[in-house]
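Spelled out, the chains give:
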Amino acid sequence: MLNPLKLPLAAKILIAMFLGLAFGSQYTMHTSIDSIANGFVMLLQMTALPYIALALIVGIGGLSPAKAKSTLRFSVLVLLGFISISVFFILLTSIAFPDWENASFYSASTIKPQPEFSFIELFIPSNPFSAFANGVIPAVVLFSLLVGVGLMTIKGKRHTLLVLTSLQTSLANIASLVMKLAPIGIFCIGYRAAATLDPSLLEGLTVYIVTTVILVVLLGFIIFPATVAIITPFSYRQTVNICRVAMITAFATGSFFAVLPAIIEHTKKALAELEDCPSEVIKIPGIIVPIVFSLPVGGKLLALLFTLFSAWLSGAYISTDDYFNLIIFGVPQLFSNATVAMPSLLELFNVSSAMFELFLVAENLIVGRLSALLSVSFAVCFPLIIACHFAKRNQIKWRYLIRNAIVIPLIAITSFMVLKVSFEQLSLQYQGYDKFIQRDLIFTTTPSRYLTEPEESINDTESSSDVLTRIQQRGFIRVGYFRDDLPYSFHNDKGKLVGHDIEIINLLAADLNVEIEYVRIFHHQTKSLLASGYLDITTGIPVIPDNMKQFTLTKPYSTQPIALLVKSERREEFTHWQKIFDNNKLIIGIPETFFYKDKVQHSFVNTTAWEISTPRLFFKEKYQHIDAMLFGAAAASGWTLLHPDYTVVVPKPVRPPLFMAFPINRYDHDFEQFMANWIAMKKQNGTLSIIFDYWIEGKKVAPKIAANALNKN
């Protein structure tokens with residue numbers, strides 16, 4: 001009978017991970033589990049950065065200048081080869097993407113300014129201690145490299161290297177002790193992952209996650225180890241065994257950085273077992289592996305796959321130049337981490353940065369773990385090839401090379417084609433419209449009724465009393481709502497009037513302790529119906545001078561960035577305002593509530609601006625001569641859910657957002673003051689934020705959160 005205590009560490013870790021996932025899927029999350037999981041990851045990271053620095057200093061400091069130069073030259077050639085192979089298969093992966101329609105809710109990240117990427121600040125440590133304290137890995141690597149180079153020519157460096165080597169060994173011993181706790185730590189990490197996973201997040205990411213899994217298996221378990229087996233004495237099985245423990249730990253923790261000491265030690269141990277392997281060659285992993293962490297290789301390159309996936313998902317047209325730009329300009333961005341680089345990568349394909357949030361979801365679900373696993377495979381295979389070259393043990397097995405050069409690409413192409421067919425067989429329907437039209441109010445519904453048009457006979461005496469008095473006397477507030485006003489007011493699949501502004505009006509009526517009478521109106525009717533006292537308020541409109549001249553507007557309750565709604569394949573034409581204004585062939589449609597006449601005449605000198613009464617006309621066959629529609633980004637995103645072949649573009653530079661406010665009778669200052677205080681109160685207690693997240697960004701709202709917001713005054 002097999003003794004569990006004598007199982008290999010890799011097997012114990014795997015068993016612990018699956019047990020953690022099993023228990024976590026059945027039971028709720030406990031604080032102690034979370035603390036142990038965090039503590040284990042922190043223990044792994046504790047020795048990683050000082051170990052990297054010492055490994056680089058000792059490894060490079062022990063080399064002669066001639067040997068260092070030779071190592072650098074060959075390493076760069078092998079590195080470029082690995083990057084080329086990885087990028088080739090990443091581009092090949094796009095074969096698997098099926099032809100599906102898609103669109104998404106508005107995301108505020110669409111208009112966030114992107115952080116600037118600075119190679120100088122990333123790589124040059126003006127303060128090395130700050131770089132160590134803040135974990136700026138590229139700067140730490142460069143500093144350690146330079147210290148090693150400085151040691152290289154010192155005559156009495158032996159004693160210094162001996163002390164540093166002893167420190168490095170002590171850190172390796174600490175890392176080994178920590179790894180003995182791995183089964184416990186991995187169990188807690190697996191438990192936490194299963195207990196906190198929201199299955200609905202997987203929706204829409206199926207294609208990306210499955211193709212990423214196939215790609216990582218191809219690169220990490222077949223191509224990289226096979227490359228080592230082709231040109232070194234190490235067999236395929238030996239190479240996989242060297243990676244095994246570090247791969248499992250990296251996958252379980254989601255951290256490549258944390259297992260760097262283990263990678264170096266396992267790789268050095270494998271080299272030491274080679275016959276007649278020089279001691280200086282055994283040190284090579286200590287030099288190469290820490291540098292690998294900062295390079296755009298391994299799992300970092302999966303960010304390129306997400307960029308292709310985002311372009312496919314958003315319907316962006318991908319040309320040959322786009323692929324070229326992705327390689328030339330995208331790969332250098334990955335000297336930083338993928339999270340920092342992703343907004344810039346998305347911009348290369350003119351993909352909305354709203355996709356960045358989807359990237360974060362995928363990373364936290366599983367892709368971050370797959371990325372760490374792939375990085376481990378690369379970090380083992382790369383130094384093995386370098387070390388065997390300098391040990392003069394490299395020998396190309398031509399028959400093996402030719403066979404794999406034919407078979408592996410065929411396997412990859414076949415796998416991705418099968419995936420594409422499988423995805424298309426699933427016939428996953430576009431669900432954006434259903435998710436949108438099935439939404440209901442999240443707070444308590446106030447009793448209400450609807451009129452499809454204003455009553456013909458209007459009581460003029462209503463205009464003589466103030467609005468608040470009139471509402472209390474009637475027992476209901478009469479609200480005008482506009483046709484085609486997604487996502488602010490619309491009828492859901494059950495015929496119920498819902499939307500962002502309707503949710504707010506419901507809360508207003510509840511606080512006034514009255515019912516609601518909704519009246520569907522056209523925009524041109526608003527002024528007279530408010531002035532007569534027939535309407536008390538309407539749903540929101542942009543705060544622009546043309547609207548301010550006609551109505552008193554309440555305090556703004558929301559904002560909308562200015563955007564353009566365009567056909568997905570024409571996105572690139574509308575990425576910069578100046579390019580739009582200079583194009584005299586373009587016709588831009590502007591709904592009447594957004595039509596700021598003086599601004600339009602000033603800005604659209606060459607381009608034609610065309611006022612339209614409703615956004616719905618933009619999608620009609622009769623109005624296909626209009627190239628794009630200027631609109632609020634949030635409202636435009638609502639229309640893409642109904643028309644997924646259109647997309648929202650926020651041109652650069654981002655213009656100041658438009659405020660949204662409710663029109664009221666321009667002479668009733670008491671009601672104006674009441675609404676100002678009421679809106680301020682709802683902003684303060686977070687109610688308006690919850691409503692925005694739900695109706696505009698499409699996020700789920702827990703009933704408990706909604707109840708807590710209602711209880712706050």
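Predicted model only: the values in this text are computed from it and were never measured. (Residues numbered from 1 in each chain as written. Predicted model: local features only at pLDDT ≥ 70, side-chain atom pairs only at ≥ 80, totals over all residues. Heavy atoms only, no water.)

Q: Outline the overall build of the chain, listing residues and values.
A: Looking only at helices and strands, one finds 30 helices and 16 strands in the chain. Within the chain, buried positions represent 52% of all 713 residues. Residue pairs at least 24 apart in sequence account for 82% of intrachain contacts in the chain once pairs closer than 6 positions are excluded. A total accessible area of about 32,700 Å² is found for the chain, and carbon and sulfur atoms account for 60% of it. (Helix = DSSP H or I, 4+ residues; strand = E, 2+ residues; numbered from the N terminus. Buried < 20%, exposed > 50% of the residue type's maximum accessible area, 1.4 Å probe, protein only. Contact = heavy atoms within 4.5 Å. Areas by Shrake-Rupley, 256 points an atom, 1.4 Å probe, with all protein chains shown as cover.)

Q: Which residues make up the packing of aromatic side chains, and what values do they have?
A: Here the distance between the centres and the angle between the planes together describe a pair of aromatic rings. The final tally for this structure, using the stated rule, is 22 aromatic pairs. With centroids separated by 5.1 Å and ring planes inclined at 85 degrees, the aromatic side chains of Phe 82 and Phe 378 adopt a geometry described as edge-to-face. Placement of Phe 82 in helix H4 (residues 65-93) and of Phe 378 in helix H18 (residues 355-390) is noted, with a sequence separation of 296 residues between them. Taken as a pair, Phe 82 and Phe 378 share a single burial class, namely buried. In textbook terms, an aromatic cluster arises when at least three aromatic residues are bridged by ring pairs, as seen for Phe 82, Phe 224, Phe 378 and Phe 382. Seen from the ring of Phe 476, Arg 449 lies directly overhead, with NZ or CZ sitting 4.4 Å from the centre. (Phe/Tyr/Trp six-rings, centres within 6.5 Å; stacked < 30°, edge-to-face > 60°. Lys NZ or Arg CZ within 6 Å of the ring centre and 35° of its normal.)

Q: So what's going on with helix H21 (residues 467-474)? Residues and values would help.
A: Turning to H21, its buried residues are Val 467, Arg 470, Ile 471 and Arg 474. Looking straight down H21, one finds that the buried residues subtend no more than 100 degrees of arc, so they occupy a single side. Lining the buried residues of H21 we find strand E2 (476-482), helix H22 (500-512) and helix H28 (669-684). One side-chain oxygen at the N-terminal end of H21 lies 3.3 Å from the backbone nitrogen of Leu 468; it belongs to Asp 466. Positive backbone phi, approximately 90 degrees, marks Gly 475, located one or two places after H21. (Arc of directions from axis to C-beta. Polar contact = N/O pair within 3.5 Å; in protein donor to acceptor, adjacent residues only side chain to side chain.)

Q: Could you give me a rundown of helix H15 (residues 302-313), with the residues and numbers involved?
A: With twelve residues, H15 should cover 16 Å at 1.5 Å per step; its first-to-last C-alpha distance of 16 Å lies within 8% of that length. Of all the twelve residues making up H15, twelve are buried; the element is thus mostly covered by neighbouring parts of the structure. Those residues of H15 not exposed but buried are Leu 302, Ala 303, Leu 304, Leu 305, Phe 306, Thr 307, Leu 308, Phe 309, Ser 310, Ala 311, Trp 312 and Leu 313. (Expected span 1.5 Å × (residues − 1).)

Q: Describe the packing of helix H3 (residues 48-61) against helix H12 (residues 260-272), naming the residues involved and giving the relevant values.
A: Two elements in contact, H3 and H12, have axes separated by 9 Å at closest approach and are oriented at 45 degrees. It follows from the interaxial angle that H3 and H12 lie oblique. On the side of H3, the interface is formed by Ala 48, Tyr 51, Ile 52 and Ala 55, while H12 contributes Leu 260, Pro 261, Ile 264 and Glu 265. Per-class residue counts for the contact of H3 with H12 are seven nonpolar, no polar and one charged. (Axes fitted to C-alpha atoms, helices over the stretch in contact; angles between N-to-C directions. Parallel < 35°, antiparallel > 145°, perpendicular 65-115°, else oblique. Nonpolar A, V, L, I, M, F, W, Y, C, P; charged D, E, K, R; others polar.)

Q: Describe the side chain of Thr 249, listing the residues and the values that go with them.
A: For Thr 249, the position within the fold is in helix H11 (residues 236-253). If near-sequence neighbours (up to four positions away) are discounted, Thr 249 is found in contact with Ile 13, Leu 44, Met 179, Gly 254 and Val 259.

Q: I'd love a proper account of the sheet that holds strand E10 (residues 562-567), names of residues and values included.
A: On the basis of which strands lie adjacent, the open sheet formed by five strands has the order E12-E11-E13-E10-E14 and mixed pairing. Since the sheet does not close on itself, it has two edges, and those belong to strand E12 (608-612) and strand E14 (646-649), each with one partner. Averaged over all pairs of adjacent strands, the angle between strand axes in this sheet comes to 30 degrees, irrespective of strand direction. One ladder, built from five bridges, connects strand E11 (residues 587-591) with E12; its direction is parallel. Pairing of Ile 588 across the sheet is with Ala 609, part of E12. (Pairing = 2+ DSSP bridges.)

Q: Describe the sheet that holds E2, and please don't skip the residues or the numbers.
A: Strand order in the open sheet made by the four strands is E1-E5-E2-E6, with parallel pairing throughout. Whereas interior strands pair on both sides, the edge strands pair on one side only; in this sheet they are strand E1 (448-451) and strand E6 (537-538). Sheet strands in contact with H22 are E2, strand E5 (515-521) and E6, and its direction is about 145 degrees off that of E5.

Q: Provide a residue-level description of the nonpolar core, including the pertinent values.
A: Grouped together as the largest cluster of nonpolar side chains are 114 residues, with contacts concentrated most on Phe 234, Phe 256, Ile 263, Leu 304, Phe 309, Val 376 and Phe 382. With 19 residues, H18 is the single largest residue contributor to this core. Not counting chain neighbours up to four residues away, the residues in contact with Leu 304 comprise Val 87, Ile 90, Leu 326, Gly 330, Val 331, Leu 334 and Leu 345. (Core = buried A, V, L, I, M, F, W, Y, C linked by side-chain atoms within 4.5 Å.)

Q: Give a description of the packing of H3 against helix H14 (residues 284-292) that names residues and reports values.
A: Between H3 and H14, whose axes approach to 8 Å, the crossing angle comes to 135 degrees. As judged from the angle between their axes, H3 and H14 are oblique. Here the hand of the crossing between H3 and H14 comes out left-handed. Residue-level contacts link Ile 52, Ala 55, Leu 56, Gly 59 and Ile 60 of H3 to Gly 286, Ile 287, Pro 290 and Ile 291 of H14. Split by residue class, the contact of H3 with H14 holds seven nonpolar, two polar and no charged. (Left-handed = near helix turned anticlockwise from the far one by under 90°.)

Q: Give a description of the pattern of salt bridges that names residues and reports values.
A: Scanning the model with the defined rule gives seven salt bridges in all. Between Arg 449 and Glu 515 there is a salt bridge whose closest N-O contact spans 3.5 Å. Linking Arg 449 in strand E1 with Glu 515 in strand E5, this pair joins segments that are 66 residues apart in sequence. For Arg 449, a relative accessible area of 33% translates into the label partly exposed. With relative accessibility at 36%, the residue Glu 515 sits in the partly exposed group. (Salt bridge = Lys/Arg side-chain N within 4 Å of Asp/Glu carboxyl O.)

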